[in-house]
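# Architecture and fold: a report
Residue strings, one per chain:
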Amino acid sequence: MTDAPIIDEQKLNSLGTRLRNVWTTYVSDRKPIEERWLKNLFQVRKIYDADVRAMIPSDRSKAYPGVTQWMVRGTIARLMQMLFPQTEKNYGLKNSPMPSLSKDQLQQVLDDLVASKGGDPAQVQLTDEEIEKAIVKFAAGKAERMEVKIADDLQEMEFITLARKVVKSAVTYSMGILRGPQHRKVPARTWQQNPNTGKWEAIEVDRFKPLFEFLPVWDHYIDMTAVSLDKQDGTFDRHIMLRSEVEELATRPDFLKDRILKYLREHTTGNYKAQWWESEIKGEPKSGQSSTAAKETRKFEALSYWGDISGHDLAAAGVAIKDADLGKSFHANVWMIDDLVIKARLAPLGDTIRTHHYFVFEEDDLSIAGNGQPDVLRDSQMAICETARAALDNMSVIGPMAEVDE
């Protein structure tokens with residue numbers, strides 16, 4: 001029986017306060033990007049920005065030719081056609097000309113080769129050419145089975161649908177985000193020989209399948225001080241959850257159950273507060289009226305931080321860290337509600353592999369978030385809108401018009 005992890009409440013509270021301050025900085029630093037994203041979203045949906053609407057008199061045309069909308073849709077379709085062609089796979093596995101096998105695999109190849117020649121190791125003579133051919137054949141079989149396994153996993157997670165969401169986000173806003181790999185437990189089938197009867201029987205076992213998730217740009221907060229997306233100190237994911245979902249976190253072994261339950265006892269209502277851009281999106285300001293965000297008291301806002309955490313802070317959460325490594329930084333995942341830490345664990349894939357994968361539509365030296373297609377088309381779109389409005393307003397003033405074909 002393992003000893004229960006020792007939790008240092010004071011150190012965890014200090015960690016929560018520090019990360020909450022970092023979160024506040026990330027929120028304020030991202031606001032200029034959010035303003036651009038809102039303009040892009042309204043441009044695609046043929047909605048004038050508030051400053052443009054204010055300049056259009058109430059008795060004038062408010063026509064909005066949707067040039068950006070159909071160009072964005074065409075770009076998404078074209079990118080999906082190039083990246084994920086329907087007539088062939090966009091990936092493939094093939095063994096190398098001189099495969100490198102593990103010791104156990106190499107022994108399996110030799111045993112199978114001996115068995116195919118009579119089965120007596122003392123009598124069978126093997127040449128180097130025979131062994132090398134058997135190794136290549138073994139590796140080719142492994143590659144073929146792995147390709148089938150990858151195709152099955154991708155189909156089960158509906159990866160094409162996920163990829164389209166990422167592409168659409170990148171084209172519309174500036175970048176698309178895929179979170180993973182994670183895993184989920186699923187029932188699977190296998191076969192086993194009954195030691196008593198000798199019959200082969202089908203049995204059900206639990207297996208783990210890879211899982212990726214699409215992450216909306218609005219729920220992901222990047223480090224705006226970084227020179228590139230792969231040089232960030234850390235990132236935050238924002239999770240809006242029901243009370244039942246927070247309670248479910250307490251049942252997971254990687255979360256701090258006592259802290260979650262204590263928070264829920266002390267907070268009968270949720271802590272969720274709408275961000276300014278949520279109010280704008282929900283309001284969809286077509287009528288020119290200012291939108292206000294309704295108070296949400298039943299939902300909870302949890303933050304998930306992915307970045308470097310010191311060994312001291314991880315040890316305070318019960319993570320086993322060697323004494324010699326307490327002063328080092330580790331890539332870790334920390335969950336919080338308000339400034340209360342409810343989880344602190346090492347990143348499951350180590351320090352080198354990151355959980356968030358970015359697809360930037362157009363890179364920009366002035367912003368690590370890049371540009372979306374509406375950014376590129378904005379001046380042209382506004383010029384077309386102004387021309388269309390002027391034409392409609394003028395026609396309403398000068399009366400009937402005629403065209404003469406000379």
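Before any of the text, the structure's been laid out above.
A brief structural summary. Since the structure is predicted, the reported quantities are computational estimates derived from the model, not experimental observations.

## A few points about the overall build of the protein chain
Looking only at helices and strands, one finds 11 helices and 10 strands in the protein chain. Computed over the C-alpha atoms, the radius of gyration of the protein chain is 29 Å, more than 25% above the 22 Å expected from 2.2 N^0.38 for a compact globule of 406 residues. The dimensions of the protein chain, computed from C-alpha atoms along their principal axes, are 105 × 75 × 45 Å. Within the protein chain, contacts between residues at least 6 apart in sequence are counted, and of these 72% link residues at least 24 apart. As displayed, the protein chain offers around 25,500 Å² of accessible surface, 52% of which is attributable to carbon and sulfur atoms. Here the protein chain carries 54 positive and 62 negative side-chain charges, and the mean point of each set is 4 Å from the other.

## Focus on the pattern of salt bridges
Oppositely charged side chains are able to pair whenever their charged atoms sit close together. Counted according to the given criterion, the structure contains 19 salt bridges. Between K133 and E129 there is a salt bridge, with its nearest N and O atoms 3.4 Å apart. One end of the pair is K133 and the other is E129, both in helix α5 (residues 128-156) and four residues apart, which spans about a single turn. Taking relative accessible area as the criterion, K133 reaches 56% and is therefore assigned exposed. Residues D153 and K209 are paired through a salt bridge, measuring 3.0 Å at the closest nitrogen-oxygen approach. Remark: K209 occurs in strand β2 (residues 200-215) and D153 occurs in helix α5; sequence separation between them is 56 residues. Of the residues examined, K209 reaches a relative accessible area of 13% and is grouped as buried. Among the charged side chains, a salt-bridge network with shared partners connects K149, D152, D153, E156 and K209.

## Topic: the pairing of strand β6 (residues 329-337)
Of all the nine residues making up β6, eight are buried; the element is thus mostly covered by neighbouring parts of the structure. Where strand β5 (residues 300-310) and β6 come together, nine bridges link them in antiparallel fashion. Residue pairing for β6: I309 is matched across the bridge by F330. Sheet topology note: the β6/strand β7 (residues 340-346) ladder contains six bridges and is antiparallel.

## Examining the sheet that holds strand β3 (residues 220-221)
Strands sit in the order β3-β4-β5-β6-β7 across an open sheet of five strands; the sheet is antiparallel. Across the chains shown, the open sheet's two edge strands, defined by having one partner strand only, are β3 and β7. Pairing analysis gives eight bridges linking strand β4 (residues 234-241) to β5, with the strands arranged antiparallel. Bridge pairing in β5 links I240 to E301. Strand contacts of helix α8 (residues 257-266): β5, β6 and β7, with the helix running at about 160° to β7, the strand carrying the most contacts.

## A look at the packing of helix α4 (residues 103-116) against α5
Taken N-terminus to C-terminus, the directions of α4 and α5 make an angle of 115°; their axes are 10 Å apart at the nearest point. In the crossing of α4 with α5, the sense of the turn from one axis to the other is right-handed. Contacts between α4 and α5 pair Q105, L106, Q108, V109, L110 and L113 from the former with E130, I131, A134, I135, F138 and K142 from the latter.

## Side note on the sheet that holds strand β8 (residues 356-360)
Strand order in the open sheet formed by three strands is β2-β1-β8, with antiparallel pairing between adjacent strands. At either end of the open sheet lies a strand with only one pairing partner, and these are β2 and β8. Direction aside, neighbouring strands of the sheet carry axes that sit 25° apart on average. The pairing of strand β1 (residues 175-193) with β8 spans five bridges and is classified as antiparallel. Bridged to I177 within β8 is Y358. Sitting on the sheet, helix α6 (residues 159-172) is in contact with β1, β2 and β8, with an inclination near 175° to β1.

## Quick word on α8
Structurally, the α-helix is built with 3.6 residues per turn, so residues lying three or four positions apart point the same way. If you check which residues of α8 are buried, you get R259, I260, Y263 and L264. Down the axis of α8, the buried set is contained in an arc of 130°. They therefore lie on one face. Across from the buried face of α8, at angles greater than 90 degrees, the exposed residues are D258, R265 and E266. On its buried face, α8 is in contact with α1 (9-44), α7 (243-249), β5, β6 and β7.

Cut-off values and rules
- Residues numbered from 1 in each chain as written.
- Predicted model: local features only at pLDDT ≥ 70, side-chain atom pairs only at ≥ 80, totals over all residues.
- Heavy atoms only, no water.
- Helix = DSSP H or I, 4+ residues; strand = E, 2+ residues; numbered from the N terminus.
- Rg over C-alpha atoms; globule rule 2.2 N^0.38 Å.
- Contact = heavy atoms within 4.5 Å.
- Areas by Shrake-Rupley, 256 points an atom, 1.4 Å probe, with all protein chains shown as cover.
- Lys, Arg positive; Asp, Glu negative; His and termini not counted.
- Charge placed at Lys NZ, Arg CZ, Asp CG, Glu CD.
- Salt bridge = Lys/Arg side-chain N within 4 Å of Asp/Glu carboxyl O.
- Buried < 20%, exposed > 50% of the residue type's maximum accessible area, 1.4 Å probe, protein only.
- Pairing = 2+ DSSP bridges.
- Axes fitted to C-alpha atoms, helices over the stretch in contact; angles between N-to-C directions.
- Left-handed = near helix turned anticlockwise from the far one by under 90°.
- Arc of directions from axis to C-beta.

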